[in-house]
Amino acid sequence: MKIKYMYQQLFSHIGIIVIAFLTLSLIVSQYVETLVYKNKEEELVSYGKNILQDIDQSLGFNQQLLNNYSAVLSGRNIIFRVFDYEGRIRYPLEEFTYKIQLTEEEFSKIKRGETVSVKVDLKRFDQAVSLVILPYIKGDALIGGVMLTSPISGTAEMLSDFNHYLFYTIVIAFVISFLLSWLSSTIHVRRINQLKKATSMVAKGNYHVTVTESNFDEIGELARDFNLMVNELQRSKEEIENLENRRRQFLADVSHEMRTPLTTISGVIEGLKNDMIPESEKEKGLDLVSKEAKRLIRLVNENLDYEKIRSNQVKLQLEVIELADIFEIVKEQLIVQAEEKNNKIMIELAGEPFVTADYDRIVQILLNICKNSIQFTENGIITLRGETTANETIIEISDTGIGMDPSEVENIWRRFYKADISRRSNPYGEFGLGLSIVKQLVILHHGQIKVESNKGKGTTFIIRLPINNKLEME
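Keep in mind the model is a prediction, meaning the values are calculated, not measured.

A.B. asks: I'd like a rundown of unusual backbone geometry, residues and numbers included.
C.D. replies: Cis geometry is adopted by the peptide bond preceding Pro92, which originates at Tyr91 and carries an omega value of 0°. If you trace the backbone, Pro92 turns up in the loop between strand E2 (89-91) and helix H3 (104-111). The backbone of Asn342 shows a phi angle near 60°, a positive value even though the residue is not glycine. Inspection of the secondary structure assignment puts Asn342 in the loop between helix H7 (323-340) and strand E7 (344-350). For Asn379, which is not glycine, the phi dihedral falls at a positive 55°. Tracing the backbone through its elements, the reader meets Asn379 in the loop between helix H8 (359-375) and strand E9 (381-388). Judged by its relative accessible area of 57%, Asn379 is exposed.

As structure tokens, then:
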């Protein structure tokens with residue numbers, strides 16, 4: 001059987017309130033009743049002691065004295081009887097021939113000098129009374145005693161009135177508590193329903209939904225955690241979509257890059273096979289096939305290299321290397337390509353800078369960046385700068401080439417991205433993987449790399465590598 005959460009809350013609250021009120025009312029009623037009867041008992045005992053004290057001082061049962069007490073106590077609806085050691089009533093005189101009505105247990109207590117108290121006596125008198133019996137002892141001898149009785153009708157009426165007021169108070173408090181419980185349950189259910197509705201929307205794929213947060217209670221904290229979860233799901237969804245888009249773009253780019261050399265190779269082989277290429281052009285065709293095959297090999301190797309770097313499968317052999325030596329090696333390897341585009345390669349060093357890095361990988365980083373600079377620079381200058389500070393080595397590669405818009409700067413690290421989309425057949429970095437590999441290698445060295453560029457004013461790559469690099473070698 002399904003019971004709504006609101007009703008569960010309401011029933012539980014009301015149940016607790018009812019039990020609490022009933023328990024409290026019983027305790028209070030019992031306490032007040034006990035207190036009233038105790039006060040009545042103390043009052044009777046007090047009067048009884050005064051009577052016995054005056055009897056003792058008057059050296060006997062002075063009728064005038066007892067008549068005075070009778071007049072006073074009758075106004076308070078209290079009746080007393082004085083009796084001797086045999087239990088015969090000595091006052092009032094009209095009951096002189098009677099004995100006081102005592103049980104054996106009560107008479108035994110009187111003989112021992114103990115006070116007898118009965119909260120409610122229903123048997124010995126024509127009405128219910130409260131009863132107190134005090135012994136009158138001189139030395140060790142029982143002379144007699146005094147019995148005081150007071151009807152409980154007034155006390156019972158007072159207790160009845162108190163119970164009525166207590167009942168009305170409980171009813172009013174119950175109604176107020178019920179309303180507060182209903183309001184509290186409604187608010188909690190509304191908040192839970194909001195979470196329920198939001199959860200259903202998330203289950204349907206809507207990750208833009210949010211719920212109201214608060215620090216008031218656990219439901220508010222749950223709402224905050226729910227919003228964090230939805231934000232994380234949205235971020236994961238966007239990342240998955242982005243990865244899927246990149247995967248499709250990657251396949252398209254790889255297919256495009258491989259199709260051109262494969263088409264060229266296939267065409268040349270078909271021409272040679274069918275003697276469609278003149279003898280004088282065969283060597284040129286074979287040379288073209290060789291170049292296109294090398295392009296395919298570079299494409300495969302760069303992709304493999306990129307994935308190894310991303311999955312931390314590359315082992316670095318760190319050593320301290322003079323930047324001057326590395327710059328000279330890079331310049332020597334690229335001088336021919338630079339001269340083909342009428343570019344100059346310049347080296348600027350501040351002092352004797354050094355770098356803590358893997359030799360082959362740092363050369364690979366600089367070669368890729370410099371090739372990129374040569375690719376987009378004509379009749380310009382490519383400058384390699386280096387300096388070592390207290391904590392790091394700073395390497396800058398700047399050119400005076402075509403530059404980039406700010407919107408293009410972040411995209412250059414993407415695989416197969418080209419700042420100039422028309423340059424599909426450039427022999428230097430044509431596959432668009434070079435800069436992606438560069439960034440991963442710099443990160444692997446615990447370094448940082450950034451690009452500063454302006455359209456038509458050239459580009460500068462800035463690399464920062466820590467000089468106290470302590471990478472864990474595999």
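After that view, the rundown keeps rolling.
A.B. asks: Kindly report on the pairing of strand E8 (residues 354-358), identifying the contributing residues and their values.
C.D. replies: A large share of E8 lies buried, amounting to 4 of its 5 residues. Bridging between strand E6 (residues 318-322) and E8 involves 5 bridges; their strand directions are antiparallel. By the bridge assignment for E8, Leu318 is matched with Asp358.

A.B. asks: Could you give an account of the nonpolar core, with specific residues and numbers?
C.D. replies: Ranked by size, the top nonpolar core spans 35 residues in total, and within it Ile362, Ile369, Ile397 and Ile463 carry the most contacts. For this core, the secondary structure elements donating two or more residues are H7, E8, H8, E9, strand E10 (392-399), helix H10 (434-444), strand E11 (448-454) and strand E12 (458-466). Broken down by element, this core gets its largest block of residues, 8 residues, from H8. Once you skip the residues sitting within four places of it in the chain, Ile369 turns out to touch Ile397, Leu435, Val438, Ile449, Phe461 and Ile463. Counting 19 residues, the second largest nonpolar core, distinct from the first, contains Val45, Leu66, Leu134 and Val146.

A.B. asks: A description of the sheet that holds strand E3 (residues 116-121) should follow, citing residues and the corresponding values.
C.D. replies: The antiparallel open sheet is built from 5 strands, whose spatial order is E2-E1-E5-E4-E3. Each end of this open sheet is capped by a strand with a single partner; those strands are E2 and E3. Sheet twist, expressed as the mean angle between neighbouring strand axes with direction ignored, is 25°. Inspection of the sheet shows strand E1 (residues 79-84) paired to strand E5 (residues 141-151) by 6 bridges, in the antiparallel sense. Counterpart to Ile79 in the pairing with E5 is Thr149. Those strands touched by H3 are E3, strand E4 (129-138) and E5, and its axis lies near 40° from that of E4.

A.B. asks: Provide a residue-level description of the pattern of salt bridges, including the pertinent values.
C.D. replies: Considering all chains together, one arrives at 12 salt bridges under this definition. The closest approach of N and O atoms between Arg112 and Glu114, which form a salt bridge, is 3.3 Å. Take Glu114: its relative accessible area is 35%, and that puts it in the partly exposed class. Between Arg385 and Glu348 there is a salt bridge, and its shortest N-O distance comes to 3.0 Å. Taken together, the positions of Arg385 in strand E9 and Glu348 in strand E7 put the pair 37 residues apart, joining distant regions of the chain. A relative accessible area of 40% places Glu348 in the partly exposed class. Beyond isolated ion pairs, a larger network of salt bridges with shared partners links Lys40, Glu43 and Arg76.

What counts as what
- Every chain's residues receive numbers from 1 upward, in the order its sequence appears when written.
- Only residues with pLDDT of at least 70 are given local features in this predicted model, and only at 80 or more are side-chain atom pairs given and counted; all residues enter the totals for whole chains, interfaces and linings.
- In computing side-chain properties, one takes all heavy atoms of the structure into account and sets aside hydrogens as well as water.
- Helix and strand assignments come from DSSP, with helices taken as H or I runs of at least 4 residues and strands as E runs of at least 2, each series counted from the N terminus.
- Only protein chains enter the accessibility calculation, which uses a 1.4 Å probe. A residue is then buried if its area is under 20% of the maximum for its type, exposed if over 50%, and partly exposed in between.
- Strand pairing is assigned whenever DSSP detects at least two bridges linking the two strands.
- Remark: nonpolar core denotes a set of buried residues (Ala, Val, Leu, Ile, Met, Phe, Trp, Tyr, Cys) joined through side-chain atoms within 4.5 Å.
- The contact criterion used is simple: two residues touch if any of their non-hydrogen atoms lie within 4.5 Å.
- Axis definition: a line fitted to C-alpha atoms, limited for helices to the stretch in contact. Angles are taken between N-to-C directions and run from 0 to 180 degrees.
- In what follows, salt bridge is the name for a side-chain nitrogen of Lys or Arg lying within 4 Å of a carboxyl oxygen of Asp or Glu.

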